[in-house]
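Per-entry structural report
In case you want the letters, here they are:
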Amino acid sequence: MSQSFRTLMPAKEFIENMGFAISYPHDDLIFIDTNAFLLRYNDARDSSFFLYFNEELNEQKQNELRSYVLQTACDTNVEIEIRGSFKVQPSLKSKGELEVVYHETTTSGR
């Protein structure tokens, strides 16, 4: 089994420059303190991440945050591809666990 090394520093700088904090990094996911969005590592490229908005975030807030995300990505030299939205729900496979469900669309920026 191969395991990727993922540096947290580019994501941390990007998130903190936006005024957020990391609440929990897990495997290829980085959860944000407000739960407005999450990042998933793009293992194909360094300093590249997929971003998913929380589906409970209203459309106006998503649009405002999208502009801010893409500008901050340019300022911090990370690549962000906005992939759509996510929700966290009880796992259908394992009782007592949660799973992240993605709804994919795509917008990229640097």
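Residues numbered from 1 in each chain as written. Predicted model: local features only at pLDDT ≥ 70, side-chain atom pairs only at ≥ 80, totals over all residues. Heavy atoms only, no water.

Points about the overall build of the protein
Going by this rule: By the criteria applied, helices consist of DSSP H or I runs no shorter than four residues and strands consist of E runs no shorter than two, each listed in order from the N terminus. The buried label goes to any residue with under 20% of its type's maximum accessible area, the exposed label to any with over 50%, and the partly exposed label to all in between, with areas taken from a 1.4 Å probe on protein chains only.
Tallying secondary structure elements over the protein gives two helices and six strands in all. Ordering the α and β elements of the protein from the N terminus gives α-β-β-β-β-α-β-β. C-alpha atoms of the protein, sized along the principal axes, occupy 40 × 40 × 25 Å. Residue burial in the protein is summarised as follows: out of 110 residues, 38% are buried.

Some words on the packing of aromatic side chains
To describe a pair of aromatic rings, you give the distance between the ring centres and the angle between the ring planes. What counts here: By convention, a stacked pair of Phe, Tyr or Trp rings (six-membered ring in the case of Trp) has centres within 6.5 Å and planes under 30 degrees apart, an edge-to-face pair has planes over 60 apart, and any other such pair is tilted. The criterion for a charge sitting over a ring is simple: Lys NZ or Arg CZ within 6 Å of the ring centre, and within 35 degrees of the ring normal.
Under the definition given, this model contains four aromatic pairs. With 6.5 Å between their ring centres and 35° between their planes, Tyr 24 and Phe 31 make a pair best called tilted. Judged by relative accessible area, Tyr 24 falls into the partly exposed class, the value being 47%. Look at Tyr 41 and Phe 49: their rings are 5.2 Å apart centre to centre, the planes differ by 55°, and that puts the pair in the tilted class. A residue is classified by how much of its surface remains accessible, and Tyr 41, at 10% relative accessible area, is buried. Judged by relative accessible area, Phe 49 falls into the buried class, the value being 2%. The ring of Tyr 102 has Arg 40 lying over it, and the distance from NZ or CZ to the ring centre is 5.5 Å.

Examining helix α2 (residues 59-76)
In an α-helix, one turn spans 3.6 residues; hence positions three or four apart end up facing the same way. Cut-off, in case you're wondering: In this scheme, a helix's expected span is set at 1.5 Å multiplied by one less than its residue total. To obtain the arc, one takes the directions from the helix axis to the C-beta atoms. Any two residues whose heavy atoms approach within 4.5 Å are treated as being in contact. Nitrogen and oxygen atoms within 3.5 Å of one another constitute a polar contact, given that in protein one can donate a hydrogen and the other can accept it, and given that sequence-neighbouring residues count only through two side-chain atoms.
In this model, α2 (18 residues) spans 25 Å end to end at C-alpha, consistent with the 26 Å of a helix rising 1.5 Å per residue. Among the residues of α2, Gln 62, Leu 65, Val 69, Thr 72, Ala 73 and Thr 76 are the ones counted as buried. For α2, the buried positions fall inside an angular range of 105° around the axis, keeping them on one side. Opposite its buried face, α2 presents the exposed residues Gln 60 and Asp 75, each directed more than 90 degrees away. Buried-residue contacts for α2 involve α1 (9-17), β3 (37-41), β4 (48-54) and β5 (79-90). Its side-chain oxygen placed 3.1 Å from the backbone nitrogen of Gln 60, Asn 58 serves as the N-cap of α2. Asn 77 sits one or two positions beyond α2 and adopts a positive phi of about 60°.

Observations concerning the nonpolar core
As a reminder, the rule being used: Buried residues of nine kinds, namely Ala, Val, Leu, Ile, Met, Phe, Trp, Tyr and Cys, make up a nonpolar core once their side-chain atoms join them within 4.5 Å.
In this structure, Phe 14, Phe 37, Leu 39 and Ile 80 are the most contacted members of the largest nonpolar core, which totals 20 residues. Counting only elements with at least two residues in this core, the list comes to α1, β2 (29-32), β3, β4, α2 and β5.

Considering α1
Among the residues of α1, Pro 10, Ala 11, Phe 14 and Ile 15 are the ones counted as buried. Here the buried residues of α1 occupy an arc of 125° about the axis, which is enough to place them on one side. The inward-facing, buried residues of α1 contact β1 (22-26), β2, β3, β4, α2 and β5. Looking at the residues trailing α1, positive phi occurs at Gly 19, about 90°.

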